[in-house]
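Chain and residue survey
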Amino acid sequence: MRPTRAVADVRALPRTVFGNRSLMWWGTVGFIMIEGSTLFICVVTYFYLRRNFATWPPEHILRPALLIPTIQAAVMLLSNIPMRGVDRASKRMDLAGVRSAMVICSILIVIMCVLRAFEFSALKVRWDTSAYGSVAWATLVAHGTLLLLETAETLAITVLLFQPNVEDRDLSGVSDNALYWYFLTGVWIPLYVMVFLTPYFM
Amino acid sequence: MSVPAYREPQTPAPYEDEERTRRELEVTWAQPPGLWNWIRSVDHKSVAKRYIVTAFVFFVLAGLQAAMMRAQLSRPENHILGPDAYNQFFTVHGVTMMFLFAVPIMEAMGLYLVPLMIGARNVAFPRLNAYGYWVYLAGGLFLYIAFFLNTGPDVGWFGYVPLSGPEFSPGKRADVYAQSITFTEIAALAGAVEIIVTAFKNRAPGMTLNRMPLLVWAMLVQAFMILFAMPWVATATQFLAMDRLVATHFFNYAEGGDALLWQHLFWFFGHPEVYIIFIPALGFVSSIVATFTRRPVFGYPVMVLSMVATGFLGFGLWVHHMFATGIPLLGESFFTGASMMIAIPSGIQIFCWIATIWSGRPRFTVPFLFVLGFIVIFIIGGFTGVMLASVPFDQQVHDSYFVVAHFHYVLIGGAVFPLFGAFYYWFPKMTGRMLSERLGRWNFGLFFIGMNLTFFPMHQLGLEGMPRRVYTYLPETGWGHLNLLASIGAAVIALSMLIFVINVAVSLRNGVLAGDNPWGGETLEWATSSPPRPYNFAQIPVVSGRAPLWEEPDEMPVVTGLRTDVRDVLVTTMLDAEPDSKHRHPIPSSWPLITAIATTILFVTLIFTPWGAVIGTPLFLLALLGWGWPRGRDKREQQLVESEG
């Protein structure tokens, strides 16, 4: 072991940091890249399979219903407003603000899960009817799995925030959860267009 | 790129009592003995060593399968393996070598070495790391339990549809293939996130990106490739599993599905996979060449850029695996050009190493011999790669033994030789003892001869028209002699591997004690004890160049001020590695194992029934909740550190 020479002291460095200064932020970005790739593969598959059909949707298959999916897309988009509030409040270390906005987000994400269940019937095709149905279902399931995970995480964090002795670290975690939320709800918009609207004009 | 040097603070902290620091760190980072504590360990070194040993066991198993295949093919019309067993053997051999040996062992080397080389105390997410290992182990056991129950996959490691689809592969063999890949992909992706975040955020102060060791760069490029490549095969195998389980039609032509879709999805992963295996090996070679020529590798920026370029180009070649499928002419030309182009960055690196060796003072130790072996064998594999990139030639030898020869030259020469060099080079660091040089030279010599004896004749066999994946051939073909030669070569390889295992077993007990830096290496892993203590470095080193141990041989500049009563680590900025924040690492935990068991229940039940999702998902979510919920010592320690300000 070589002798050492102290050249700096890090005692005064902070422990709670946000954004790209935090390890968890980078971890979240890593998983966004992985899951973004998975959803992108669904898109590639969707358009690849499209080439095998003369019409889209294929003959004898109805176009999807639009009401529920459009409400879902709107809820997802608008949910970013309270989540942005969560993000900002967490960076201010404003626990009361974080709590109230997280309750709103928790309600919204449960609504999204319920709407997702109805979106499957809005497709108006079964997964085993044709490749068109398979890829539409797969896209909803792939995004739905992420939605389910995020629901579990959001609800758990919200419960955690109402425990005594909330730590600063938890607030940083709330902000990283917000980043994932932006991704999850933002990425749904093009997927919504692909799954529910392209059968109307492709 | 000009990067400001690390600036010393105006008032350096007083020198702390190093012995006391060390004593306290021993307690805080202690790994108590016993099986339960071993299971709970989240130390990157202990997890990585498990990965390495497990992957080596799978390597031996896949090697034994190869030996059986070579025994079967040693003469015409042989009856050691029947056609059905042979199909399972070559499939499980390929799946094991690619998914259970090559990728995991390369990542594991990175998970062991990256934190040590960048002066960190652990990987960024220690529990995720442990989870990755358990999932990997579960995937491997799952494949082999199925194999020993005569349900081993028999559709090739590429699992082409329609052969692997519900119509032509009834039973569960193809499901085992699809799901065992899912396990290993999750582990690989977890490892990739670890390596990226660790290399970006936990580097020692002063280790700017352009001072990062070449091996860390290699691991970083590999990790990014994993991030973008692995989801393709994971998704493709899920599509396949759904076609088989719930009658979706992704690959069913009758209902608008597409068999070629599988090939695109698979090879968009499958070709980068080759570089995912190969790029870490480039890092091993750079480390070994620098140490044994006593000079930094020539052309550092060019080396880094070549690895990054290989990483990008690796994604633009996948269609060259599909030249025989009748793709458009323009596509063929593009992918021929791209396939030839990737030889350029590889060639640049070879020339940089030659320049380093040329201008250095080479010491012909065993790790260095493996590097020389790598250069020879890999260049041959590279040449046949350029030949195969040409469509007319590819059409002639497609699905023949020429291709088998080519990719074994590339993978064994390009990855396994450097890996063995790495074993010999870092074994002293991992265990505290040297491997025997004498046995090492036998290991190298026999491996080199055996490898060429096995695979060189396959070029000729391929040109003579011997197809791949046949369990036997007729005497009239005239392929008997060359096949016998190849089989003798396989026996020589097996002998060399036996010598390696003996070397490890003997050296673990009786090897020469290594000391901190037995080879005179220049990177930070050699600045700590062999084997390193659980906290790696008592004080985090500060670096001011690319070869810290050569540049400051007498004493090591360090930072002070991390707590010793909790598992404190330093987080630095991504580009310039300036100290930015402190982070408390989690204590050992059994939750990664519990979560991996829940994952296994989910995946395995999904093979039999879609209700597997209903059973497995809540278990998985509960396990995640248990993992993440702050309580006990973890909670107390966090409150302690947060109250310090």
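Before any of the text, the structure's been laid out above.
Residues numbered from 1 in each chain as written. Chains lettered and ligands numbered in written order. Predicted model: local features only at pLDDT ≥ 70, side-chain atom pairs only at ≥ 80, totals over all residues. Heavy atoms only, no water.

If you look at the biggest cluster of nonpolar residues, it comprises 264 residues, and the most contacted ones within it are Met109(B), Phe420(B), Trp426(B) and Phe447(B). Leaving out residues up to four positions away in the same chain, Trp426(B) has contacts with Met109(B), Leu113(B), Met117(B), Leu215(B), Phe284(B), Ser287(B), Glu525(B) and Trp526(B). Formed by 9 residues, the second largest nonpolar core is a distinct cluster that contains Val7(A), Leu13(A), Val542(B) and Leu570(B). (Core = buried A, V, L, I, M, F, W, Y, C linked by side-chain atoms within 4.5 Å. Buried < 20%, exposed > 50% of the residue type's maximum accessible area, 1.4 Å probe, protein only. Contact = heavy atoms within 4.5 Å.)

Buried accessible area, meaning the area lost when the parts come together, often serves as the stated size of an interface. The partner chain A presents 57 residues to the 80 residues of chain B that form the contact. Of the roughly 6,000 Å² buried at the junction of chain B and chain A (both faces included), carbon and sulfur atoms supply 63%. Ranking the residues of chain B by area buried against chain A places Lys582(B), Trp629(B) and Glu642(B) at the top, with a combined share of 9%. Across the contact surface, chain B and chain A share 5 salt bridges. Measuring nitrogen to oxygen at the nearest pair gives 2.6 Å for the salt bridge that ties Arg5(A) to Glu555(B). Inspection of the chain B/chain A interface yields 25 residue pairs in polar contact (both at pLDDT 80 or more). A total of 8 residues in the side of chain B that touches chain A trace back to one element, the largest contributor, which is helix α7 (residues 214–245) of chain B. (Buried area = accessible area lost by both parts, 1.4 Å probe. Salt bridge = Lys/Arg side-chain N within 4 Å of Asp/Glu carboxyl O. Polar contact = N/O pair within 3.5 Å; in protein donor to acceptor, adjacent residues only side chain to side chain. Helix = DSSP H or I, 4+ residues; strand = E, 2+ residues; numbered from the N terminus.)

Count 3.6 residues to each turn of an α-helix, and residues three or four apart come out pointing the same way. Residues and elements named next belong to chain B. Relative to the 51 Å expected for 35 residues at 1.5 Å per residue, helix α4 (residues 83–117) spans 48 Å between its end C-alpha atoms, a close match to the ideal helical length. For α4, the principal kink sits at Thr96 and spans about 35 degrees. Counting buried residues along α4, 31 of its 35 residues qualify, which places the element largely inside the surrounding structure. Gly119 sits one or two residues past α4 and shows a positive phi near 75 degrees. (Expected span 1.5 Å × (residues − 1). Bend = angle between axes of the 7 residues up to and from the residue.)

This part is about the state of the cysteines. Residue and element names in this part refer to chain A. Applying the stated criterion across every chain yields a total of 0 disulfides over all chains. For the unlinked cysteine Cys42, the closest cysteine sulfur is that of Cys113, found at 18 Å. Cys105 supplies the cysteine sulfur nearest to Cys113, a cysteine that is in no disulfide, at a spacing of 13 Å. (Disulfide = S-S within 2.5 Å.)

Moving on, we get to the side chain of Thr599(B). Residue and element names in this part refer to chain B. Tracing the sequence through the fold places Thr599 in helix α18 (residues 591–608). What makes Thr599 buried here is its relative accessible area of 3%. When residues no more than four places from it in sequence are discounted, the contact partners of Thr599 are Tyr131 and Phe620.

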